[in-house]
Amino acid sequence: MDLHGKVAVVTGSGRGLGLGYARALAAAGAAVVVNDVDQDVVDAAVTAIRSEGGRAAGVVAAVGDGASAQRLVDAAVEEFGRLDVLVTNAGILRDRVLWKMTDDDFDAVVHVHLRGTFTCARAAAVRMREQGTGGRLVLISSPAGQRGNFGQTNYAAAKAGIVAMARTWAMELGRAGITVNAVVPVAATEMTKTIPAFGPVIEESERTGKPLPDWLRKDEGLGTVEDVTGLITFLASDASAEVTGQAIGIGGDRLALWAHPTEKAVAFADGGWSAEAIAAEWPGGVGAEPETYGIPAPSAPVAAPAPGA
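Now for a quick tour of the structure.

Rules used in this analysis
Residues numbered from 1 in each chain as written. Predicted model: local features only at pLDDT ≥ 70, side-chain atom pairs only at ≥ 80, totals over all residues. Heavy atoms only, no water. Buried < 20%, exposed > 50% of the residue type's maximum accessible area, 1.4 Å probe, protein only. Helix = DSSP H or I, 4+ residues; strand = E, 2+ residues; numbered from the N terminus. Pairing = 2+ DSSP bridges. Right-handed = clockwise from strand over helix to strand, strands pointing away. Contact = heavy atoms within 4.5 Å. 1 Å grid on protein atoms, 1.4 Å probe; cavity = no way out; pocket = protein on both sides within 12 Å on 5 of 7 lines; lining within 4 Å. Points joined across faces, edges and corners; volume = space filled by probe spheres on them. Nonpolar A, V, L, I, M, F, W, Y, C, P; charged D, E, K, R; others polar. Arc of directions from axis to C-beta. Axes fitted to C-alpha atoms, helices over the stretch in contact; angles between N-to-C directions. Parallel < 35°, antiparallel > 145°, perpendicular 65-115°, else oblique. Left-handed = near helix turned anticlockwise from the far one by under 90°.

### Re the pairing of strand 1 (residues 7-10)
By the alternation rule, side chains of strand 1 split into Val7 and Val9 and Ala8 and Val10, which are all buried. Across four bridges, strand 1 lies against strand 2 (residues 31-36) in parallel orientation. By the bridge assignment, valine 7 is partnered in strand 2 with alanine 31. Between strand 1 and its parallel partner strand 2, the chain crosses via helix 1 (residues 16-27), and the hand of that crossover is right-handed.

Okay, structure coming up:
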């Protein structure tokens, strides 16, 4: 995939998945603006990309407010002359169950993930529309935003909102040739290592260099950071010009298109529905097959007992 001549901003790209995205875009030929809140981390990421033959510049900024978003866009234009791609990856976690989550826990996560995506996308859209040559907004969501997740009120809400913004902006920016998609990545990171079913397997793979097993790569759709980056590069390219308004999952050996919410079952009552009528209808009608919620708990395959055991 050839991205020569394109310029990308990747928020939260000093390490982890964000750094993987930035390196992949640079390897495909794009000039990249790296972003993190730590100067040393930004410098190391920029040095790594340049050592691999890529072009990169760095901006130290906490994503969330409009001024930081504008700094990122301005850096792309000042360093490389334009902006073609924005990947909104920056994020933090403040996990707590509802009754223990503070206002600050909630606000901090929403500020970075949801507001940060909004402010960065707005600044990028203004620039891309001025250029008149289209562009790509790639918004990073999460399975938690699609299904909910225990202890992640703030994170799940923000990630669900990001998908809703992708659908909205795809409509608003289509005439300008700007595509907008949400990516739902799953990869072996420091966070996924904390999941009991995943941690020992990931650590064993890192220790031995052996690939992750098929049940992880296929059934759970979890692999390495590098397994995710191909989708980012595709969505940044001209090959994805007709792909917009979608939520796309990627991880391990799995590529998936997430369904948008739709009415699953419908019933009608002349004159409207009373509470009593709904109670009568629900069990065998509209509510007969309720939707599931939450990310299914992962589990490793159980080994078959040895013969004679």
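### Concerning the environment of phenylalanine 118
Among the secondary structure elements, phenylalanine 118 is positioned in helix 4 (residues 103-131). The exposure class assigned to phenylalanine 118 is partly exposed, which follows from its relative accessible area of 35%. In this structure the C-alpha to C-alpha distance between phenylalanine 118 and glutamate 78, which are 40 residues apart in sequence, comes to 22 Å. For phenylalanine 118, the residues in contact, after removing those within four places along its chain, are Met165 and Trp169.

### Details of the layout of surface pockets
Approximately 260 Å³ is the volume attributed to the second largest pocket. If you trace the second largest pocket, you find it lined by Gln146, Arg147, Ala259, His260, Pro261, Thr262, Lys264, Glu291, Thr292 and Tyr293. Classifying every residue of the lining of the second largest pocket gives three nonpolar, four polar and three charged.

### Some remarks on helix 7 (residues 199-208)
When helix 7 is considered as a whole, its buried residues turn out to be Gly199, Ile202 and Ser205. What you see down the axis of helix 7 is that its buried residues fit within an arc of 135°, all on one side. Residues of helix 7 that are exposed and point over 90 degrees away from its buried face: Pro200 and Arg207. Note on helix 7: the residue one or two positions beyond its end, glycine 209, has a positive phi of about 80°.

### Focus: the packing of helix 4 against helix 6 (residues 153-173)
Their axes nearest at 8 Å, the elements helix 4 and helix 6 cross at an angle of 15°. When the axes of helix 4 and helix 6 are compared, the pair comes out roughly parallel. Both helix 4 and helix 6 take part in a crossing whose hand is right-handed. Across from Asp105, Phe106, Val109, Val110, His113, Leu114, Thr117, Phe118, Ala121, Ala125 and Arg129 in helix 4, the residues of helix 6 making contact are Thr153, Asn154, Tyr155, Ala158, Lys159, Gly161, Ile162, Met165, Trp169 and Leu173. For the contact of helix 4 with helix 6, a count of residues per class yields 13 nonpolar, five polar and three charged.

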